[in-house]
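The residues making up each chain are set out below.
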Amino acid sequence: EGDSQAHNTLQAAMAATDHAATLLCVVPPSLGVLWALKEFVWLKGIKLSGPKAGLSAPLSGASPGEVADILKSMEEISSYIAVGATAFLNKEYQYMVVYMIAFSCILFPLVGAPTCLAFNVGCITSCACGYIGMKVAVYANVRTAHEAWLDLQKGFNVALRAGSVMGFCLVSLGVFVLFGLLVLFRGVLFSTDASDAEDLYEALAGYGLGGSSIALFGRVGGGIYTKAADVGADLSGKNEFGIDEDDPRNPACIADNVGDNVGDVAGMGADLFGSFAESTCAAFVIAGSSYKVADGIAGNYPATLFPLLMSSVGIIVGLVTMMVVGCFYKVNEVSKIESALKGVLNISTVLQTPAVIGLAYYVLPAKFALDEKFDNVTPEKCIASVLLGLWSGLVIGYATEYYTSHTYRPVREISETQRVSAATGIIYGLALGYLSCIVPTICIGITVAVAHTVAGMYGVALGALGMLGTVTMGLAIDVYGPISDNAGGIAEMSKLGADVRRKTDALDAAGNTTAAIGKGFAIGSAALVSLALFGAFTVRAKIESVDILDPWTFTGLLYGAMMPYAFSAMTMKSVGIAANDMVEECMRQLKLIFEGSAKPDYERCIAISTDASLREMIAPGALVIISPLAGGVLFGKNCTAGMLSGALVSGVQLAVSMSNSGGAWDNAKKYIESGGLGPEHAKGSNAHKAAVIGDTVGDPLKDTSGPSLNIVVKLSAIMSLVFGSVIADYSGPTGGPFWLK
């Protein structure tokens, strides 16, 4: 009787924990969506009415215009941007629907209906997150410009709070939809037995594949779009006709502002959504395989949910951060903008630390097993893995800031060399990018070494989720950047006063730095996610160890290391082709515009960027999607293992150096424009022209190829995981080609 009572008590406790885990997966995402709705309602309530009295002199130097005329111009320009961004995404998503249908026809017969379902749900969720973020961004840009017209703090608040809508929507929808899929699979398509956990979570990996597929096309397509317009506006406007890229006479100015939204909002959102989905699925797959050993975590449902619960708790941390950040950081002058944005990351990282510790002790058993080697994993070991990832992400962010912000010496050195020539600035920028790889590599290496030592590949997956633990706030400050950039463009095109443009320029400059920090987070987390997915792939493909002395492994290693370079070449050349078309069109129009015989044809430039980006994104995407599957089927699972290793190692280094070189050249230009080298080297000087060339060279590096590379390493790995059993079936007994006897 005593044993029966003890058993009943244990069952009741487990049921209570199951219920609590379910609530933790549902309540925080619900609160996150409600918060996002609240912020959008607040944003919608901002009326474009102008200042109560007085108006600063327009940028053109003419007499002040009427407030009503300026407000009308602001609304028209904002409408152009919104229509262009919506048209691009609608057309891009038509391509995505075709891809989803075609790829589903491959998935369904090879890996089954559940994986196919998860893949399509992941695609749709990723598209929805990107679309929501883009719509909010184009709605907020004109309001940020308007509020900056009135007060710097108000303009800052609009951009940050609008950015938070994207952050909360993405994580909340990601957690809620993934949990819904898990409940469906666990209750309908699979049994609740621990022995079914491995098949269940392997099928669930399709969710990560869907998210990452959309991220690749979103990043590549959006990146080609924005940089074609940006380079075209710079080269034709600044260097040939001496007008700014945001001058309303520049035909590419609207396409340039549209590109900021489709590349840096929708693309970045899809990228981080993919990272969240893939790292969670990798942790699930590794945990699900533990049913084979005693005390395996697969038999403890709340403990298995720990990776998803971390992201859910991160939503609550983000809510608290948004509530308190204004108490610690007041943006009452230009110099305080950057510190306030970094403060958002600092506060959320500090708050996430005790939240993760408490969650681990609550849901994880005192001891559990992952496999025969890691049969004594404790909450403390999991906490160490998560916190290493969390704080490594912050360190990588600050290292990125040091190398890309003109507050510090490295970027100022580039500016100083540009007084001599564009070539010296480019040489210094390349060297800076290579140097900037050191700190991220050390941080990632330490995280991997410790996490894998204490908890195997499961620990690495937790490290990736730790780095993504503050993704709500990371996305908020990242989306803040393109919103502020658009606000500056609207302010200039509407001929608002120089003091307004000074404020929007300051908001934009800080946004450039936070965008670089966001890219650092994305690349660092991608490295950990890719390694975790690689570990999950070895589990599914039944690979005991990866031996680089094996000829097929080494062959894959060489091909994998080459793949990021081939991908970068394709995407950079695509930007060059599209930019060349844009420059020719802008030059044709500008001659007529300056003669007074024509007005800017914004729609023509938008069409050039749209058509080029959608056409040029197909080949790089095919390279990444096909390579792992083709390599595995033709040359065996050892070749795929080598390919993933090579792509990870070379891709991460190349992504960091490209992104930081491009960011440094961009801010070196802004440093010169702000008068950092003195009035004799300001706008229009030879130093400024050299800086524009450096910035133009860096544009495809930092906004197209560099950010896309982290998706390359992740998508290669998740493709291999999803098709792991197929690759294993087409491998020989030693892991080589099936056709080799």
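For the structure itself, look to the data block above.
A. Up close: helix 17 (residues 602-616). Spanning 15 residues, helix 17 covers 21 Å between terminal C-alpha atoms, matching the ideal 21 Å at 1.5 Å per step. Taken together, the buried positions of helix 17 are Tyr 602, Cys 605, Ile 606, Ile 608, Ser 609, Thr 610, Ala 612, Ser 613, Leu 614 and Glu 616.

B. Looking closely at the pattern of salt bridges. Under the counting rule described, the total for this entry stands at 22 salt bridges. Close ionic contact of Arg 219 with Asp 271 constitutes a salt bridge, the shortest N to O distance being 3.7 Å. Residue Arg 219 is located in helix 5 (residues 197-241), and its partner Asp 271 is located in helix 6 (residues 253-288); the two are separated by 52 residues in the primary sequence. Here Arg 219 falls in the buried class, since its relative accessible area comes to 3%. A relative accessible area of 0% places Asp 271 in the buried class. Note that Lys 342 is salt-bridged to Glu 401, the shortest N-O span being 2.7 Å.

C. Layout of a negative patch on the surface. Together, Asp 295, Asp 371, Glu 372 and Asp 375 make up a region of like negative charge exposed at the surface. Its place among the elements puts Glu 372 in the loop between helix 9 (337-363) and helix 10 (379-404).

D. Highlighting a nonpolar patch on the surface. Where nonpolar side chains cluster on the molecular surface, the patch consists of Leu 23, Val 27, Leu 31, Val 33, Leu 34 and Leu 37 and spans about 480 Å² of accessible area. Take Leu 37: it is sitting in helix 1 (residues 2-44).

E. Geometry of the nonpolar core. Within the largest apolar cluster, 223 residues are counted, with the highest numbers of intra-cluster contacts made by Leu 305, Phe 306, Ile 337 and Tyr 458. Take this core: its biggest share by element is 20 residues, from helix 6. Discounting residues that sit within four places of it in the chain, Tyr 458 has contacts with Ala 283, Ile 286, Ala 287, Ile 297, Ala 303, Phe 306, Pro 307, Leu 370 and Cys 382. One finds Tyr 671, Ile 672, Leu 677 and Ala 691 within the second-largest nonpolar core, a separate group that totals five residues.

F. Broad picture of the state of the cysteines. Taken as a whole and assessed by the stated rule, the structure comprises zero disulfides. Unpaired in this structure, Cys 127 has its nearest cysteine sulfur neighbour in Cys 123, at a distance of 6.6 Å. When its relative accessible area of 11% is taken as the criterion, Cys 127 is described as buried. Cysteine Cys 382 shares no disulfide, and the gap to the nearest cysteine sulfur, in Cys 25, comes to 16 Å.

G. Highlighting unusual backbone geometry. Here the phi dihedral of Lys 495 falls at roughly 60 degrees; this positive angle occurs in a residue that is not glycine. Among the structural elements, Lys 495 can be located in the loop between helix 14 (471-493) and helix 15 (498-540). With relative accessibility at 40%, the residue Lys 495 sits in the partly exposed group. Positive phi outside glycine occurs at Lys 542, with the angle close to 60 degrees. Summarising the element assignment, Lys 542 is placed in the loop between helix 15 and helix 16 (551-595).

H. Broad picture of the environment of Ala 277. Counting through the fold element by element, Ala 277 comes out in helix 6. What makes Ala 277 buried here is its relative accessible area of 0%. Apart from residues no more than four positions distant in its own chain, Ala 277 is found in contact with Tyr 207 and Gly 208.

I. Geometry of the packing of helix 6 against helix 20 (residues 686-722). Where helix 6 contacts helix 20, the axes come no closer than 11 Å and their chain directions differ by 30 degrees. Judged on the interaxial angle alone, helix 20 and helix 6 are roughly parallel. Here the hand of the crossing between helix 6 and helix 20 comes out left-handed. Only Asp 703, Pro 707, Asn 710, Ile 711, Lys 714, Leu 715, Ile 718 and Leu 721 of helix 20 make contact with helix 6, whose side of the interface consists of Asp 264, Asp 271, Gly 274, Ser 275, Glu 278 and Val 285. Looking at the contact of helix 6 with helix 20, its residues break down into six nonpolar, three polar and five charged.

Thresholds applied
Residues numbered from 1 in each chain as written. Predicted model: local features only at pLDDT ≥ 70, side-chain atom pairs only at ≥ 80, totals over all residues. Heavy atoms only, no water. Helix = DSSP H or I, 4+ residues; strand = E, 2+ residues; numbered from the N terminus. Expected span 1.5 Å × (residues − 1). Buried < 20%, exposed > 50% of the residue type's maximum accessible area, 1.4 Å probe, protein only. Salt bridge = Lys/Arg side-chain N within 4 Å of Asp/Glu carboxyl O. Patch = residues over 30% accessible without salt bridge, like charges linked within 9 Å, V, L, I, M, F, W, Y side chains within 5 Å. Areas by Shrake-Rupley, 256 points an atom, 1.4 Å probe, with all protein chains shown as cover. Lys, Arg positive; Asp, Glu negative; His and termini not counted. Charge placed at Lys NZ, Arg CZ, Asp CG, Glu CD. Core = buried A, V, L, I, M, F, W, Y, C linked by side-chain atoms within 4.5 Å. Contact = heavy atoms within 4.5 Å. Disulfide = S-S within 2.5 Å. Axes fitted to C-alpha atoms, helices over the stretch in contact; angles between N-to-C directions. Parallel < 35°, antiparallel > 145°, perpendicular 65-115°, else oblique. Left-handed = near helix turned anticlockwise from the far one by under 90°. Nonpolar A, V, L, I, M, F, W, Y, C, P; charged D, E, K, R; others polar.

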